[in-house]
Structures are given as structure tokens and as C-alpha cells.
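Spelled out, the chains give:
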Amino acid sequence: KPTTTTDEFKFGVILVGPYNDHGWSQAHYEGGQYAEEKMPGVTMISFDKLNSADRKGTTLEQVVEDMVVQGAKIIFTTSEDFQTDTDAVAAKYPDIQFVMISGDHAKTGVAPANVTNVMGRMEYAKAIAGCAAALRTETKSIAYLGPLINSETRRLTAATYLGARDCYEMYRGGDPDELKFTVNWIGFWFNIPGVTLDPTQVANDLFNQGADVVLSGIDTTEAIVVAGQRADKGEQVWAIPYDYVGACDLKPEICLGTPYFNWGPTYVKYLTAFKEGTLKQGFEWSAPDWNDINNRDTSAVGFVMGDALSEEDRANLNDYIAKLASGEVKLFSGPLNLQDGTELVGEGVVATDDQVWNLPQLLEGMTGASE
Amino acid sequence: MANSLLVETIASVIASAAPLVFAGVGETITEKVGITNLSLDGSILLSAMAGFAAAMLSGSLLVGVITAMLVGALVAGIVATGSIALRQDQVAVGFVLTVLCTALSSFLGKPYVRVPGPSMPHLPIPYLADIPVIGPIFFNHDLLVYLSYVVIFGTVFLFNRTQLGLRLRAVGERPEAAFARGINVNRYRYLFTCLGGALVGLGGATFSLSVKLGWSYQHTAGFGWIALAIVIFGGWNPLRVALGAYLFGALNSLASILQPAFPTVPTQVFQTAPFAFMILTLLIMNGDVLERLPRGSRWLRKLLQGQAPAGLGKRFQSD
Amino acid sequence: MRARTRLTNLPLGAAPVVLTLVSSSLILLAAGANPFEAFANIIGGAFESWRKFADVLVALVPLMLCAAGMLITFAAALWNIGIEGQIIMGALFTTAAVRWFPLPSALILPITILAGMLGGALWGLLVGLMRTHGHVNEIFGGLGLNYIAIALTNYFIFGPWKSVDGATMSGTDPFPAAATMPLIAGTRASWPPLIIALLAIAGVYLVLNYTRWGLHLKAIGLNAQAAGRMGIRTTANILLAFAACGALAGLAGSFQTTAVYYRLIPSISSGYGYLSQLVVLLSLLRAEWVPLIVLFFSIISVGSPRLELRMQLDSSLGGILQGSIVLFFLLTRGLQQRLSQRRERKHG
Amino acid sequence: MFIELENIHKHFGRVHANAGISLTVPEGRIMGLLGENGAGKTTLAKILSGYQTHDAGTIYLDGKQASFRSPAEAIRAGIGMLHQDPLDVPALSVLENFELGGLQSGLRKSRASAARLQELCKRFGFSLDADAAVSSLTIGERQQLEIVRLLDQGVQVLILDEPTTGISSPQKVLLFRTLHRLASEGISIIFVSHKLDEVEQLCSSVTVLRRGQVAGSLESPFSPADLVLLMFGKALDITERPDVPLGDSLVELRDGTIRTYRLTMDHLTLELRAGEVVGLAGLEGSGQQLLMRACAGIQPLAGGTLAIAGQDMTRKNYREFARLGVRFVPAARLEEGLISGMSIREHYALIDPNQGNVIAWGNAQTQAAEKISEYNIVGSPDSLVQALSGGNQQRLLLAMLPEKLALLILEHPTRGLDIGSSRWIWEHLLERRLQGTAILFTSTDLDELVKYSDRVIVFSGGMMSAPTPASQVTSESLGYMIGGNLR
Ligand SMILES: Nc1ncnc2c1ncn2[C@@H]1O[C@H](COP(=O)(O)OP(=O)(O)OP(=O)(O)O)[C@@H](O)[C@H]1O
Ligand SMILES: Nc1ncnc2c1ncn2[C@@H]1O[C@H](COP(=O)(O)OP(=O)(O)OP(=O)(O)O)[C@@H](O)[C@H]1O
Ligand SMILES: [Mg+2]
Ligand SMILES: [Mg+2]
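Given the structure is predicted, the values throughout are model-derived calculations rather than measurements. (Residues numbered from 1 in each chain as written. Chains lettered and ligands numbered in written order. Predicted model: local features only at pLDDT ≥ 70, side-chain atom pairs only at ≥ 80, totals over all residues. Heavy atoms only, no water.)

What to know about the overall build of chain B
Then comes step 1: The secondary structure content of chain B amounts to 16 helices and zero strands.
Then comes step 2: Across the 319 residues in chain B, those meeting the buried criterion constitute 64%.
Then comes step 3: For chain B, contacts bridging at least 24 residues in sequence account for 75% of all contacts bridging at least 6.
Then comes step 4: Total accessible area on chain B stands at roughly 11,000 Å², and carbon and sulfur atoms take up 69% of it. (Helix = DSSP H or I, 4+ residues; strand = E, 2+ residues; numbered from the N terminus. Buried < 20%, exposed > 50% of the residue type's maximum accessible area, 1.4 Å probe, protein only. Contact = heavy atoms within 4.5 Å. Areas by Shrake-Rupley, 256 points an atom, 1.4 Å probe, with all protein chains shown as cover.)

Below is the structure:
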């Protein structure tokens, strides 16, 4: 089992997008920086944009090899996309510890022993985001700018939808069935010209089709940028970006908030365990710190409220968060049907973690492709 | 949502096609004078990056737009120098510049990736914007979009109504004949290649300051090639080239609108629609299809046919 | 007089390299980086170990195969920009073969090679047909087909062939071990592709310089109509040239799947098709120069990601180096030709 | 304005194209400029009109020294040149071409230009439609447009380089009338030509160039024989066309239809016998090219049947025709016939009948060297074909033909060649008849048609006359038929 003997060691972070993307990759990059800060002697080596569009011909193995040459002992591979390669490379480097983020091969038993999985329970933050959207929408039409379709993105989109329904019913007294919820997928976590749909275009089309809140599910900022452009034209529209705590800064006045990952504590936890030799292979799905979901030092996921929320909205949101924390509101509680009408869970039943993690389709009532 | 879905969609097509209009019309001018600037896909990227960076650093949109135009003109100037003074293959120089400019935009643009920056302010034209349907479609945009109209009609005017345009066309059609009439062929070629390049640069600026705000890697990849193709599609006629730009804009929009209707088709496939359409139109444009049209549809042939300037790509030496 | 001629020629010969180094140094300085450190990192990245140098050989294979193919189409004055798509289709066909025929190595590997060549050749043929029968310039036809090939790959990766973990950008599930090329021990490089690539460039050299087909292609490239009058089948030969180039590109794509990524990924071509065009331009269409240039380009490609790791610089510097050396080469060659012309006129 | 040239020199690499030319062009008269191919006529004309700069020597206009760096400067000084292939912009309209001359700036003043164009046309009896595309005009009309353009710009000296190739006889008459009139108005005219009778008819003086130098000048009246003597330094013997007994029927075209974008031809019938020479007359684009291309398998027939040597060839392509011994020699030598960029040796490697996969460069070299000497081609096996002169390119095209041929189809076999070369080529062609080769050719030189054909066919606007024995036509009667009176 890989370990280290010194307090001074290097860890690698391999990013799928640009380190400064105001999204998923930047959240990881800053998580690494947080760990560097908290753990003197521990330094980060990072490599960004490792995807076949930005780096033609560069493989995960090459990057890992170079990081190892530079002295990295533990490497975070931070995209679902790296999962298969991480397994293969880890098998070739049994002395290096791998933390594969967002995958589940450690759980399913496919991964070698030096790979462990961790992911944040983003569905809670997404549900809060959905709630914020439902509180604000005038047209009763909410749209979701989706990345690619897999169980993770279906899960997050569904959570958003459920949060929106909850709040529309609880705080606006409306019939949740009259709420329109559309998902349009661009095909990847961010725009790759010629490969994915152009998210700018898609966001515009979502607004054109009548949505007035667009939530981003992709790693980059197109949703809020487009919404900002349209707001400048005098339209009543809002956006909810994703992934990165500072994402609202792009256009605060139309931002309803950001569900974000706070990777710092997770990185510190794994690096500490690694240093102390207590790191075991496993699959962790870290919940937010319900005492304060925005605590930088404890909560894995959070939700920043945006400037565009009214005082009343904020109060309602805080109430919703409290209900989630207390368990009064259970997100995936029945009756819930899948998009094709088959039952996911019946009346009074709450979906299991496995059911939620492996959600096979969108839910009934959502418009958009399920696979 | 005061306006219907259709009006909204058409309006956003008009706005989002503006870069393609600039680039397409710019390249039309360049090709009309007899030079092919193949570097478009790279020079749009580089100028989009430079324009955004300059606007951000200086805080002035005007500086950004001018920088982008200068970059476009500079790249075009290299194509012109390479092919005129140094007598190298235009296509080769253009292709190399495509690769080089793309790499440059990634390298130099690194600090500006997805950084929020300035954008063109929305500027509805008083009174005109209030006309039903027409108003929201054409007159409810920003300055760059209006400038794209000016460029379209200005180019039509230049080609057909001015001495300069007449001479420009003569240079592109038959440089020897233009020379015989006292026109300094190569000076015209430098001038209008750079002017066309500046418009291409303006297209780049429009991308990063008006359409897809900001800069990211490969921000506009593929659009340069589309712009080159719509020049052929438009038969070297600025009006038709602009029409082509709007058509492709509409097609792009269609791809995302159609997605929910075809949930089984992977989304990645839709993105290809404009390129497939490009091939199709070129096949119709150039192939025997037009020749085979029945006699009655001669107007259609006339509408679709276009002849490349006869001197396109031909080097001219005065002795 | 003669001495002066030589003196003016010498510096111009080295000019593209010097100009590239100077201009990229300026760019590096502008980006706030030390140029020497950057160049040292690129070289170091490629040569720090035998294992790392073997990565250069990995990049060399597709580049060499594509350049060999481009030489054929360039001989007939055809700009096969569609070569990217042909690489991709080679990879696609190879993947199909691997998925459809679960056979032992000795059987499946030759099949993957043939499948890759077939895929590339068909896609190349399509570009050719559009040119000969649809009058669509091969640059646009090829580009369009590149994007369509990408869409097809994506369709399969995100559709019928999606990974058991769900569709992702990281491609299909890995190939079974039987369908992967044998490695040079201790490296990531496979030897069969390397040998085949070297044979390919040698073969193209012989074909273009010593065979009738090579001469026919040259004639078609210079004047297709006159060549037709001399009894050369222009249409058939143009198609054949595209198919041959496509087959070599498809082979490159096939090796990208069976010897590099061990599966089909969305950008399987890695841009080697575009890069090979720079190689061929720099070689002045002479096959004998291609291996050296390909080696040089591969070193840059493999070395430059280190800029990122060590200097937080964007690795597109590699592309800048590759692009500007070709640009400066073209420009200085033009300058040289003009100077010598002027000299001739003076002393004619 | 009168022009004096003093000791003009011009080099092209090793070629001394103008080697010390001194001459005077008198004001208000028509001066002929003659010389064999490559004598330096065009070079001199281009120097005078600013297209090329001379290496040494002086030009005097009305006694004042002058030099031009561009045609525009020459035009400003009053000298304009009309090129053999009119140097205009086919894609633009007549009016646009006319307007292009004056270098005004700002907006176009189309109405004023149109009025001036109209007036000039009326003066000379030209009828040019201002809005027509120049590409739709005949060569003669394009010449007229160029003349009025130059006059509009105020030229006092007009240089015409082989202006009568490719124009109809009525147009030629009109051109000559115009030239006479211009001369009488005080404009000096330099008339470059290979056609001695035209020079005799038109010019009041003539200067002959040989190898870049002035071989002599004559004042009218002069006879063609005098001119030949000056041009070649000796009299050319008149070749008699030997009569050859005609063989079997070789080409049989029945009720053929040819359809192209521009022209449709119906009910085409042609019979050609071995050893027969058939000349095709007509203005460019009247259908004769299409017929020839159909007989070579290059232009597919839309209807009817074509048989060669008894074999049905209706839907066969050029290669299959070639297998039967049919060859097509195009007028556009460098566009359709030869491959510029390739050497003579490479051309022989391309047509080597022993088609192995590996090139036998030795064979090609010997072949090329043999043919070069046999056909008197000025060049070596290494010479690139584009570096050969027009006459030598034509010789090479003929040298590349196989020994035995059934049918030889030639477009304008002597276009642009001087009398000496033309005669040489025809001697060679007529010799082939002895082996039974039939020859089908076009020419704009009516005398050539009458002289070398057994039968002549006249084309006009897609209509084809019945073949007439050459003995029953004269160049005058042909000219009349070309104008549209096919019967
Ligand atoms: N009508 C024509 N006018 C001018 N050139 C032609 C014409 N038809 C054919 N050619 C030229 O001659 C060449 C030879 O044509 P041909 O049809 O004999 O053979 P091909 O098309 O090369 O061979 P294949 O048998 O493979 O179709 C053509 O490719 C073209 O360049
Ligand atoms: N641009 C050029 N480059 C090289 N050589 C040239 C050029 N122009 C003319 N020559 C050569 O100069 C000589 C004179 O050519 P010129 O065209 O003046 O002859 P010409 O008398 O007009 O002949 P022709 O009767 O064939 O028209 C020829 O040997 C020709 O090959
Ligand atoms: Mg054919
Ligand atoms: Mg001449």
C-alpha cells in the first residue's frame, strides 16, 4: 500500500479543463491550494486541460509519469473521464496512491487497490439551486444547460428538478406540475468546438423558448454570461452557474446563486490520511456540513446565495436548507416515476443511495433526453 | 417574453451571425481582388483573443475592436506578402498561418481564458426598434451588429458603384488587363487583402465582445472554414454571402432547437449539421446539379450560380 | 562573385530556424517566461529517458504515415486536408473490427490493419469523388468530411459503443489485450507500427521517384487536361491518390487505437493530419527529407507538454514552433529565390 | 506624333530579343512590322507601349526623349497597344471595361461614359452593346472595344499585334477601314502581322525584323515576294501539294447531335476517307471545335452514331479512340497539349508505349534526343516545355505523335507560326497521308484551308455546310459562307 514517510511530499492534481475555468477545474485547483496552505511542506503539481480536444496526443499515463518523475506520491484525477485510465495507470504504478474523483470503480471492485473514490453530494446543493429558480421564475419555465448524459448528470438534473418542485409548491403555493423544466445537453462538460453544441447558442435558445432561469450543469460560465447579455437588453432573466464558489461574480445582479464544490477539506483529509498511512481504499460520498453548508473548512458542497434573490427568497431558501438538514424534506422520496413512466420508488419510500447514484433516466415531468 | 419564439430566434440568429458576416464579406473582398486568404480559421481566433484582451486591458471597447482589426489585417498582410512579393503558394501560406494563429491564440490567450471582461452595450435604435417584427429582429442589437449591415451594403456599393470597386474587380478578374489600364495591381492586392483581413479581425472581435463573450481556447474553431465556404456559397456576391451567413446561423440554432425532438440522436451529432450542409451546398453550387435543372428554372440557376474571380490565386508580375 | 553568392545563401539556409527561435523567444518573454528554460524543457521532455524518447517514436508513427500519404496527393497537386477524417475513419473501422471479431492476436491484428486502411481509403475516396464528380474543391470537401467523421465517431462513442460506465469523452471501453500491438519492452512504443511507418515512407519515395504511377501523378498535378490527352486516366488516378493517402492515414488511425489509446476516443487523430501537412510543406514534397522533419516535429510535440508541468506555460508553444518554422521557411525561400533572380538578371 | 527608336536592346536571360533596333514610325501612317517567329516584334511593341522595359537604347516622341515604366505611362504619353488576345476583363461588361481606362476616383460616372462610348462607336461604325458581358463578344468586337477605349484615353499611336487572327472577314474589313480612317486623322499605326497580303493591302511602309535586328524597310508598293526575301533572307520554294489516292472510308458520323451549354448541333453527318484532308472553317465557337472533339471521343455525342474504321465508337472515350490511332492536337498548346513544368524527356517517359511500372529513363532520353533532332526542335531533353517557343512547342506536339495514325485532328495547327514554320509543319502533315492518315483541321487562315484541304466544311452558328471540294472554293467564297450564307 503506497505511503510516505516524510511530512514533505508532493501531490498531483490532474484537471480536465483549464485551471481558471470559474468552474469544476478551478474548484479542484483551489482545493489543492487550500491543502498546500493548511499542510506546510506539502506541495501541489497540477496539469490542466487534459482532454483530447485541448491536448491532442497527451495521455493520462504520460502526465502521471511526469508527475512521478517530479516526485508526486499521491495523485488526484479529477474527472469521470479519467476513470478507466486511472485504473490502468494505477496498476502500472502500484507505489503511487490515486484519488479518483467522481468515479465508483473502488466501490464496484474494478479498480486496483491503490485507487480510492470520492465525490461530494452535490444533489443537495443542486436541489437548493432548483429551489431558488422556482422562487424566482415568472414564466414558470426553468431550463437546465446540461453537459453530457450519464448517471451523475441525470442525478444532478433530477435533484434540481425536485428542489424546484418542492419550493414552487411550498413557498409559492403553486401546482408543481405547471412548472416547465427543460434540459438541453451540449455533449460534454464544456464547449469543444466542432464536437459539442455551442453552450452560448444553446443557452440563448433556451431563453428564446421561454425559460427565464437557466441553470448551468456544465463546467463553464456560458449560462450566466448569456443571461447577463439578455438582462442588459432589458429582459427579465436569471442564471444559476455551477461548480465554483465565485461564479456569481461574473454578473451578480442576475445571479440567483451558485451550487459549488469545496474540495479543500476533502483534499486535506485524504492527504493527511495518506501521510499517516491510514488511507484505505473506499468509496466516499461526502455530504455537506449541515451546520453551515458554506463553511470553507468543513463542508464538501455549498450554495452561495446570489444578489438577485430578494430578502423573502433568502428566507425561504434558508428554510428549505434547514428542512433538508433536518431530514424533514427528503429529496428523492416517492412516489417518483422515471421518464418512461416506470416507477422508481413508490409512495412513502425514499430512494436508496445506490438508486440515486445510478439513476437510469430523468424523472417523469422533465423535458429532455435521458440518454 | 413579448415576442414570439420565431422573432426571438431570428433576432438571435441575426446577432450571432454577425461575425460570420464580417469574415465572409471580408474574405469576399480579398478574393475579389484575386487573393485567397485561407488563414481565416486561425486569424479569427487570434483576433478574437487579441480584441478581447486589448479591450480588457485598456478598458476600451474601441481599442479592442481596432486591435482585432489590426491583427486580422496583419495576418492577411503576411498572406499577401508571401504570395505577391515572395511568390509562395497562397494556400500553403494560408494553411500554415491557420495552424500558427490557432497556437498563438491558445498560448497568448491563456491569461484571459473565461475571465469576465467588457462587452458591447446593448443599443436599440430609437423608433426603428419599436417597429413590430422588423424592429426586434434588426434594430434591437449592439453597435457591431449594426456595423455588419453597414459592411454588407457598403461592400455592395463599393463593388458596383465606385471606380475603386470597378478597378478592384478588374484586378481580381484579369490582373494583366488591369495593369494595362494603369492600375497598380499588386498595390491593390495588398490593400484589399489587408482590408478584407481587417474585416475578418472585426469578425473575431464581434465573437468575443458581442456574441460569445470573453475568450476560451479554440473559442471559434471551425467558423473560419465556414466563412470560407460561404464565400463560395455566396458566389462572391456580398449580399448572398451575408445571406449564407444567416443561413448557417439559423442552422446552428436549429441544431439546439431540434435536440429535444430527437432524443435518441447523440447531441454531438447535431453540431455537425453546418458542416454537412456546407458540403451539400458546395455540391449543388459547383456540381452538375445546376446544369441539369429544367429550363423553366433558369432564374434558380441564375440565383445560385457564381463564378470565382478568374484571376483568383494567379500571381501577377508586371514583366 | 562566387564567394558572395555562397555567403548570401548560407545565412538564408539557417534563417527559418533562427527566426523561429528569435520570434518564439520574444513571445515567451512577452508571456513572462525564460526562453532558454522553455526550450530546455522541450528537449528535456523528449530525451530525459529512453522510455520518454520512446514516446517520440509513438508520435512519429502517425505523423510519418500521414506525411507519406500527403506526399502522394501533393504529387498530384491535391490538398488532402481531409486526412484528419481519414485517420478517424481508420480508427473507427479498426474499432469495429475489434468489436465484431473477438479473435486471437495473430488473426485480429492483421485484420485491424486492413480495416484501418479500408476505412481511411473509403473516406479518402469520398473526398476524391466529390472533387472529380461533384467539382467540390478538396479542401472544402475534405474539411466537411473531417467534421462528419468526428460526428460519426462521437455517435458511436456516445451511442452504440458507449462504455459500460456510461458514455464519456474518454472513449469506448479499452480493447481486449489480444487486439493491442506488441510493445518495445519497457516503453509505450509498439514496434510493428514503427516498422510499417518506415516502410511506408520508403515505399512512397520509390513510387514517386521511380514508377510510372508517380510520373502520372506529377503530370496530372501539373496539367490534368494535357495528361488526359496523353492517355493518362486522370479521374481514376486522382481517386487512387486519395484512396492511397487515405489508406496510409487510416493505418495511422488504426495504430492510434491498437497501439496508443487501446480504444476509440473522440479526438483519435490528435491533429496529426494537420501537422503532417506542415511536415510535407517543409520537406518541399521530397520524401527523403520527411523522416528527419517528422522526428523533429515529434520531439516538439512530445516535449512541449512539459512546459505546462514545469513552467505553467501553455503547451501550444509547440504548435507555435512548428507553425512558425514552416512559415519562415516559406518566406525566406521566397526571399532567396527573389534575390537569386535579381542577381541573375544583373549578371545574366 | 512621330516616334524614333534608337538602338533598342532587350535581353531575356540568354535570348537577345531586341538587338539594337533603330527605326522611325512616321506620323499618320500605317507601318507594317514583319518577321519570322521569335524575331522580336512583340517584344518591341511591348517596350514601346510600356509593358516591358528595354535594357538599353532611347525612345524619342516627337523628338523628345521618353521612357515608360508601365502601360499607363505610355498611354499618357499617347501610345496604346492592342494585343493579339484582347487584354480586357471578360467578366465585366462592355461599359465597365470602357470606364476602367480613365483613372478617375470616387463614384462611377456611368452615364457620361456610356455617352462617350456610344459616340465613338458611331464614329467608326462599331455596334457594341454597353451592357453586354465582354465574355459574350467575339474577338473582333473585343478588339473594337479596345480601340475605342484607347482612343478615348487619347492615344496618338496605336500598335496592333497580329490583330487579324481570329476575326471574321467583315470584321477585318471594318478594322482596316477604321485603321485607314485613324491614319488619315493623324494617328500613327504599327501593324504586326504574319499575313503578307494584309500588309501589302494596308501598310504604306514596312519594317522587317530578323533575329532581333532590323533586316530592312520597304515603302509601298511592295510584293509578298519582296517581303519573304527580307524576312528569311531567301525565297521560299512553293511546295506543291502532292495528290494522294484516297483510301477506304474511315470516319462515319451519322445524324449526330452535340449538346453543350452554349450550343446545340443536330443532324451532323460526316464521312472521312483514309488519306483525306478536311478543313473546317468558321468563327470561333461556331461548332467546328465540337465536331472535332466529338470525332476524337472527347465530346460525347448526345445522339447519332460514330464509327471509326468500321468500329462503333459512339459511347467510347478518348483513350479508346486513341487505341484505334486517333489523336487530337489542341490549339491551346500549354493548356491542353503539353505539361508545363515537365521536360521533353519526361514527356517521352509519359508516352512511352512500353508501359512497365518502373520508368525506363534511358529510353525516354534517347527517344527525346532523337525526336529533337528529327523535328529541328530548339531545345534539349532537359528543356522544360514552357520554355520552348510556340513554334517549337507545336513541333514537339507533332513529334510526340506515334508513327502510324488513322486520324489526326488538329486545332489551328499553324496559329501564330511564321510562314517558314507553317510550311514545314504542313509538309510533315501531308507526308503522313501517304500512310493513309486522314486529317481533320481548323484554321482561321482561309488560304490555308483552301490550299491544304481536299474538302472544306464551313460552320456558322452551329450549322454545318455540306463538304465542298477545295478546288471549288476560294478564300473569298469561304469568307462569304462564314458570314452565315452556308449555301
Ligand atoms: N470534353 C472534354 N473537354 C476537355 N477535356 C476533357 C473532356 N473530356 C475529358 N477530358 C479530359 O480528358 C481526360 C481523360 O478523359 P477520359 O474520360 O478519357 O478518361 P478518365 O476520365 O481519365 O478515365 P476513366 O476511364 O477512369 O473515367 C479527363 O480526365 C479530362 O481531363
Ligand atoms: N518574357 C519572356 N521571357 C523569356 N523570353 C522571352 C520572353 N518574351 C519573349 N521572349 C523571347 O524573345 C524572343 C522574341 O520574342 P517575341 O515574342 O518578341 O517574338 P515575335 O517576333 O513576336 O514572334 P511571334 O511571331 O512568334 O509572335 C523569342 O525568342 C522569345 O522566346
Ligand atoms: Mg472519364
Ligand atoms: Mg509575337
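Concerning the state of the cysteines
Residues and elements named next belong to chain A.
Then comes step 1: Considering all chains together, one arrives at two disulfides over all chains under this definition.
Then comes step 2: Between the sulfur of C131 and that of C167 lies a disulfide, 2.0 Å long from S to S. Disulfide C131-C167: the torsion about the S-S bond is -100 degrees, which places it as left-handed. Here C131 is found in helix α5 (residues 122-136), whereas its partner C167 is found in helix α6 (residues 151-170), with 36 residues between them in sequence. (Disulfide = S-S within 2.5 Å.)

A short note on the arrangement of the chains
Then comes step 1: The pair of protein chains exhibiting the most contacts, out of five pairs of chains in contact, is chains B and C.
Then comes step 2: Between chain A and chain D there is no contact; the minimum C-alpha to C-alpha separation amounts to 38 Å.

A look at the site of ligand 1
Then comes step 1: Around ligand 1, the neighbouring residues are A224, Q225, G228, R229, R233, T234, T235 and A236 of chain C together with I298, N317, Y318 and R319 of chain D.
Then comes step 2: Within the contact set of ligand 1, a nitrogen atom lies 3.2 Å away from a side-chain nitrogen or oxygen of R229 of chain C.
Then comes step 3: The side chain of R319 of chain D places a nitrogen or oxygen atom 2.9 Å from an oxygen atom of ligand 1.
Then comes step 4: Here ligand 1 loses 67% of its free accessible area of 610 Å² to cover by the protein chains.
Then comes step 5: The element best represented in the shell around ligand 1 is helix α9 (residues 224-229) of chain C, accounting for four residues.
Then comes step 6: A per-class count over the shell around ligand 1 returns four nonpolar, five polar and three charged. (Near = heavy atom within 4 Å. Polar contact = N/O pair within 3.5 Å; in protein donor to acceptor, adjacent residues only side chain to side chain. Nonpolar A, V, L, I, M, F, W, Y, C, P; charged D, E, K, R; others polar.)

Looking at the interface of chain D and chain C
Then comes step 1: Contact residues are listed per partner, giving 28 residues for chain D and 19 residues for chain C.
Then comes step 2: When the two sides are added together, the surface that chain D and chain C hide from each other amounts to roughly 2,000 Å², 55% of it contributed by carbon and sulfur.
Then comes step 3: Summed over the shared surface of chain D and chain C, the number is two salt bridges.
Then comes step 4: There are 10 residue pairs in polar contact (both at pLDDT 80 or more) connecting chain D and chain C.
Then comes step 5: Sorting the residues of the side of chain D that touches chain C by element identifies α10 (318-323), α11 (333-337) and α12 (344-351) of chain D as the ones contributing at least two each.
Then comes step 6: The dominant element in the side of chain D that touches chain C, judged by the number of residues it contributes, is α12 of chain D, at five residues.
Then comes step 7: Residue composition of the side of chain D that touches chain C, by class: 14 nonpolar, eight polar and six charged. (Buried area = accessible area lost by both parts, 1.4 Å probe. Salt bridge = Lys/Arg side-chain N within 4 Å of Asp/Glu carboxyl O.)

Thoughts on the sheet that holds strand β11 (residues 249-259) of chain D
All names here are of chain D.
Then comes step 1: Ordered in space as β12-β11-β14-β15, the four strands form an open sheet in which the pairing is antiparallel. Looking along the sheet, the strands with just one partner apiece sit at the ends: β12 (264-273) and β15 (311-312).
Then comes step 2: Sheet topology note: the strand β14 (residues 303-308)/β15 ladder contains two bridges and is antiparallel. Counterpart to I308 in the pairing with β15 is Q311.
Then comes step 3: Its contacts with the sheet put helix α9 (residues 288-296) on β11, β12 and β14, and the angle it makes with β11 is roughly 120 degrees. (Pairing = 2+ DSSP bridges. Axes fitted to C-alpha atoms, helices over the stretch in contact; angles between N-to-C directions.)

A word on the confidence of the model for chain D
Interpretation of this model should avoid reading the predicted coordinates in detail wherever pLDDT is low.
Then comes step 1: Summing up the model confidence of chain D, the mean pLDDT is 89 and the portion of residues at 70 or higher is 99%.
Then comes step 2: With a pTM of 0.89, the predicted complex shows an ipTM of 0.87. (pLDDT = per-residue confidence, 0-100.)

Some words on the environment of W50 of chain C
Then comes step 1: Mapped onto the elements, W50 of chain C comes out in helix α3 (residues 50-75).
Then comes step 2: Contact partners of W50 of chain C, with chain neighbours within four places excluded, come to L57, I184, A185 and T187 of chain C.

Thoughts on the interface of chain C and chain B
Then comes step 1: Listed by partner, the interface residues are 47 residues for chain C and 40 residues for chain B.
Then comes step 2: On inspection of chain C and its partner chain B, the count reaches seven residue pairs in polar contact (both at pLDDT 80 or more).
Then comes step 3: Of all the secondary structure elements, the ones that give two or more residues to the side of chain C that touches chain B are α1 (2-30), α5 (105-134), α6 (138-158), α11 (272-282) and α14 (317-347) of chain C.
Then comes step 4: Broken down by element, the residue count for the side of chain C that touches chain B peaks at 15 residues, all from α14 of chain C.

Remarks on α6 of chain A
All names here are of chain A.
Then comes step 1: Over its 20 residues, α6 extends 28 Å from the first C-alpha to the last, a length consistent with the 28 Å expected when each residue adds 1.5 Å.
Then comes step 2: Burial analysis of α6 places 16 of its 20 residues in the buried class, the great majority of the element.
Then comes step 3: A side-chain oxygen of the first residue of α6 lies 3.0 Å from the backbone nitrogen of E152; this N-cap is N150. (Expected span 1.5 Å × (residues − 1).)

Considerations on the pairing of strand β13 (residues 277-281) of chain D
Residue and element names in this part refer to chain D.
Then comes step 1: With respect to burial, β13 is a largely interior element, five of its five residues being buried.
Then comes step 2: Of the two faces of β13, the one holding V277, G279 and A281 and the one holding V278 and L280 are both buried throughout.
Then comes step 3: Across four bridges, the pairing between β13 and strand β19 (residues 455-460) is parallel. Residue pairing for β19: V278 is matched across the bridge by R455.

A closer look at the site of ligand 2
All names here are of chain D.
Then comes step 1: Around ligand 2 there are 14 residues in total, and N37, G38, K41, T42 and T43 lie nearest to it.
Then comes step 2: Within the backbone of G40, an N or O atom sits 2.9 Å from an oxygen atom of ligand 2.
Then comes step 3: Protein coverage of the free-state accessible area of ligand 2, which is 630 Å², stands at 64%.
Then comes step 4: For the shell around ligand 2, the secondary-structure elements that each account for two or more residues are β2 (15-25) and α1 (41-48).
Then comes step 5: Looking at the shell around ligand 2, the element that brings in the most residues is α1, giving three residues.
Then comes step 6: Class assignment for the residues of the shell around ligand 2 results in four nonpolar, seven polar and three charged.

Concerning the sheet that holds strand β1 (residues 3-12) of chain D
Residues and elements named next belong to chain D.
Then comes step 1: Strand order in the open sheet formed by four strands is β2-β1-β4-β5, and the pairing between neighbours is antiparallel. For this open sheet the edge positions go to β2 and β5 (64-66), each flanked by a neighbour on one side alone. In this sheet, neighbouring strand axes are inclined to one another by 30 degrees on average, regardless of whether the strands run parallel or antiparallel.
Then comes step 2: Where β1 lies against β2, eight bridges are found, and the strand directions are antiparallel.

A closer look at the side chain of T43 of chain D
Residues and elements named next belong to chain D.
Then comes step 1: Along the chain, the position of T43 falls in helix α1.
Then comes step 2: A relative accessible area of 11% places T43 in the buried class.
Then comes step 3: Those residues in contact with T43 that sit more than four places away from it in its chain are K10, F12, A17, N18 and Q52.

Focus: the pairing of strand β8 (residues 213-216) of chain A
Residues and elements named next belong to chain A.
Then comes step 1: Here β8 shows two buried faces, one formed by V213 and L215 and the other by V214 and S216.
Then comes step 2: Note: strand β6 (residues 141-146) against β8, four bridges, orientation parallel. Across the sheet, residue L145 finds its bridge partner in β8, namely S216.
Then comes step 3: Summarising the sheet, β8 and strand β9 (residues 238-240) pair through three bridges and their orientation is parallel. Pairing of V213 across the sheet is with W238, part of β9.
Then comes step 4: The parallel pair β8 and β9 is bridged by helix α8 (residues 222-232), and the resulting crossover is right-handed. (Right-handed = clockwise from strand over helix to strand, strands pointing away.)

Concerning the packing of aromatic side chains
All names here are of chain A.
Then comes step 1: Summed over all chains, the structure comprises 36 aromatic pairs over all chains.
Then comes step 2: For the pair F11 and F76, a centre-to-centre distance of 6.0 Å together with 80 degrees between the ring planes defines the contact as edge-to-face. Here F11, found in strand β1 (residues 9-14), pairs with F76, found in strand β3 (residues 72-77); they are 65 residues apart in sequence, far enough to count as distant. Here F11 and F76 have matching classes, each one buried.
Then comes step 3: Look at W24 and W263: their rings are 5.8 Å apart centre to centre, the planes differ by 85 degrees, and that puts the pair in the edge-to-face class. Of this pair, W24 sits in helix α1 (residues 24-38) while W263 is found in the loop between β10 (257-261) and α9 (264-276), placing the two residues 239 residues apart along the sequence. Across the pair, exposure class does not vary: W24 and W263 are buried alike. (Phe/Tyr/Trp six-rings, centres within 6.5 Å; stacked < 30°, edge-to-face > 60°.)

Things to note about the packing of helix α4 (residues 61-84) of chain B against helix α5 (residues 90-108) of chain B
All names here are of chain B.
Then comes step 1: Remark: α4 packs on α5, axes separated minimally by 9 Å, with the N-to-C direction vectors making an angle of 150 degrees. Relative to α5, the element α4 is oriented roughly antiparallel. Here the hand of the crossing between α4 and α5 comes out right-handed. Contacts between α4 and α5 pair V75, I78, V79 and S83 from the former with Q90, V93, G94, L97 and C101 from the latter.
Then comes step 2: Tallied by class, residues from the contact of α4 with α5 come to six nonpolar, three polar and no charged. (Parallel < 35°, antiparallel > 145°, perpendicular 65-115°, else oblique. Left-handed = near helix turned anticlockwise from the far one by under 90°.)

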